[in-house]
Amino acid sequence: MESKKEFFLECYKLGIIKFGRFTLKSGIESPFYVDLRPLASDPKILKNLANYLLEMLPLDNFDLICGVPYAALPMATAMSLESYIPLIIKRKEAKNYGTKKLIEGIYQKGQNCLLVEDVITSGKSLIETIAEVEQEDLKVADIVVVLDREQGGKQLLESKGYRVHTLFNISEVCEILQENGELTDDEVKRIQDFLLGNHIQFEEENRLSYQEKFENAQHSVSKKLLETALAKESNLIASADVTTTQELLDLAEKVGPHVIALKTHIDIISDFEYEKTIVPLKALAAKHNFLLMEDRKFADIGNTQELQFTSGVFKITDWADFVTSQVIGGFESLDCFKNVGVVAIIGMSSKGTLTTNAYREEALKIASSHPNVIGGVSQNPLPAEMLLFTPGVNLADSGDGKGQQYNTPDHVFKMLHTDFIIVGRGIYKAENPEQAAATYKNAGWNAYLNSLEKKVTQS
């Protein structure tokens, strides 16, 4: 291939950068405008571009390639053809017919996906794409970009833990064009002044501590959870997915000293009797100072949910401190949970979930405004006043040999801003559940303390 400089000049002939006065989508007037879509019309240039991008990357790290729609799609396709790494396609928005999928292609849970972008400015489109790709249980650690406008997007993504590889930046491009007589000194100066004045500003902020959240909490259950977390120096909730009363009580005794709550699925207990199951379970909760979370995931009209909550053999209202509930029934469907806290299901991580972006936005509106809701289960950060509960945390996923940390305590506290980790099989399937609970307790607390360090965020 020709040199990188020669390659750019070949690309430039296609009119990918124009200089003058251009009003951007943000309303800002820019002295240059970048449009890399013409590159897809020249097969030779597209092929060479794909190879330049691939040369920058550790290809063994990736199982999949995905382009950010739309300009990066042909680039990602060319990279897939050159590298033999499978391609998946992300839609701008899910179809409202057929499979209604947002991500198309063949992939498996846990695979590492390389994201391809044409131009990076604020990084906003990439942040959104990452969230949607990770919603499919895929992992994103690396992003490759053709041109960085040097307005802060790269730094924003890197502050969130992603590796961003850029082929060109606008300063480098201006230098090449100036040397080649395509730009005057005055034009270069105007571009430099624009970049200095329109760089996305960053400020440092602290994550709210449990003490700060406790002081701001409005619901008694939120206060109790945060108070317990501070007292026990733990943010661990153990999931008791066992099927007999004895297993449930044995697990509660072993993990009780280390957890702030025990999460139950009470309807899977095959020998359930209120006096033999719930009474001793409540005694263990009092003994070891933990709350009881019934993961019922209520999902019906308000009247039916009230009956499920207060009646029947389980009488959840008599013993659960907080419960999980879908919000598909609407705002009033949550009114029945008056004496407990509600953890709303905002988004699910299962493959093919119907909790699309549009659904999550509407669900969050309901959850954040209802007085019974203390927090949510979500794959994305929640408003500061809501507590975020993150399931699926497992230390066994601490490394995959490909440079990615995923669903460990460190990952969910840093990337999702979680408040409480929920651990299932990593504890109740362990040879020594008590020791496993202690290990997760320490890992979760250390991850929380690390997350209190100042982090860079966009202002």
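Small disclaimer: the values here were computed from a predicted structure and weren't measured.

Points about the packing of helix α1 (residues 4-12) against helix α2 (residues 43-55)
- In contact at an axis separation of 11 Å, α1 and α2 are set at 140° when each is read in the N-to-C sense. Classified by the angle their axes make, α1 and α2 are oblique. The two elements α1 and α2 cross, and the hand of that crossing is left-handed. Of the residues in α2, those in contact with K4, F7, E10 and C11 of α1 are I45, N48, L49 and Y52.
- Considered class by class, the residues forming the contact of α1 with α2 number 5 nonpolar, 1 polar and 2 charged.

Structural notes on the pairing of strand β15 (residues 373-377)
- Within β15, 5 of the 5 residues are buried, leaving the element largely enclosed by the surrounding structure.
- By the bridge criterion, 4 bridges tie strand β14 (residues 341-345) to β15 in an arrangement that is parallel. Of the residues in β15, the one forming a bridge with V342 is V373.
- Relative to strand β16 (residues 387-390), β15 runs parallel, the two sharing 3 bridges. Among the inter-strand pairings, G375 is bridged to a residue of β16, identified as L387.

Some points on the state of the cysteines
- According to the stated counting rule, one finds 0 disulfides in the structure shown.
- Not part of a disulfide, C11 finds its nearest cysteine sulfur in C174, a span of 15 Å.

Side note on the packing of aromatic side chains
- Applying the stated rule across the entire model yields 15 aromatic pairs.
- Their ring planes at 35° and their centres at 5.8 Å tell us that F22 and Y33 sit as a pair that is tilted. Of this pair, F22 sits in strand β1 (residues 17-23) while Y33 sits in strand β2 (residues 29-34); the two residues are 11 residues apart in sequence, bridging distant segments of the chain.
- Here F22 falls in the partly exposed class, since its relative accessible area comes to 22%.
- Cation over ring: K223 sits above F214, and NZ or CZ is 4.6 Å from the ring centre.

Focus on the environment of L387
- Along the chain, the position of L387 falls in strand β16.
- With relative accessibility at 3%, the residue L387 sits in the buried group.
- Each C-alpha atom, one on L387 and one on A217, is 9.6 Å from the other, the two residues being 170 residues apart in sequence.
- Those residues in contact with L387 that lie beyond four places of it in its chain are K213, S222, L225, L226, I374, G375, G376, L382, D419 and F420.

Overview of the packing of helix α10 (residues 245-255) against helix α11 (residues 274-288)
- Where α10 contacts α11, the two axes come as close as 10 Å, and the packing angle between them is 5°. Considered as vectors, α10 and α11 are oriented roughly parallel to each other. Seen from α10, the contacting residues are T245, L248, L249, A252 and E253; seen from α11, they are K276, T277, P280, L281, L284, K287 and H288.
- Its residues assigned to classes, the contact of α10 with α11 comprises 6 nonpolar, 3 polar and 3 charged.

Some points on unusual backbone geometry
- Geometrically, the link from P69 to Y70 is a cis peptide bond, its omega value of 0° lying close to zero.
- As for its position among the elements, Y70 is in the loop between β3 (64-67) and α3 (73-83).
- Backbone geometry at N289 places phi at a positive 60°, although glycine is not the residue there.
- The phi torsion at K315 lies on the positive side, around 40°, for a residue other than glycine.
- Relative to the assigned elements, K315 resides in the loop between α12 (302-310) and β13 (322-326).
- The exposure class assigned to K315 is partly exposed, which follows from its relative accessible area of 36%.

Calculation criteria
Residues numbered from 1 in each chain as written. Predicted model: local features only at pLDDT ≥ 70, side-chain atom pairs only at ≥ 80, totals over all residues. Heavy atoms only, no water. Axes fitted to C-alpha atoms, helices over the stretch in contact; angles between N-to-C directions. Helix = DSSP H or I, 4+ residues; strand = E, 2+ residues; numbered from the N terminus. Parallel < 35°, antiparallel > 145°, perpendicular 65-115°, else oblique. Left-handed = near helix turned anticlockwise from the far one by under 90°. Contact = heavy atoms within 4.5 Å. Nonpolar A, V, L, I, M, F, W, Y, C, P; charged D, E, K, R; others polar. Buried < 20%, exposed > 50% of the residue type's maximum accessible area, 1.4 Å probe, protein only. Pairing = 2+ DSSP bridges. Disulfide = S-S within 2.5 Å. Phe/Tyr/Trp six-rings, centres within 6.5 Å; stacked < 30°, edge-to-face > 60°. Lys NZ or Arg CZ within 6 Å of the ring centre and 35° of its normal.

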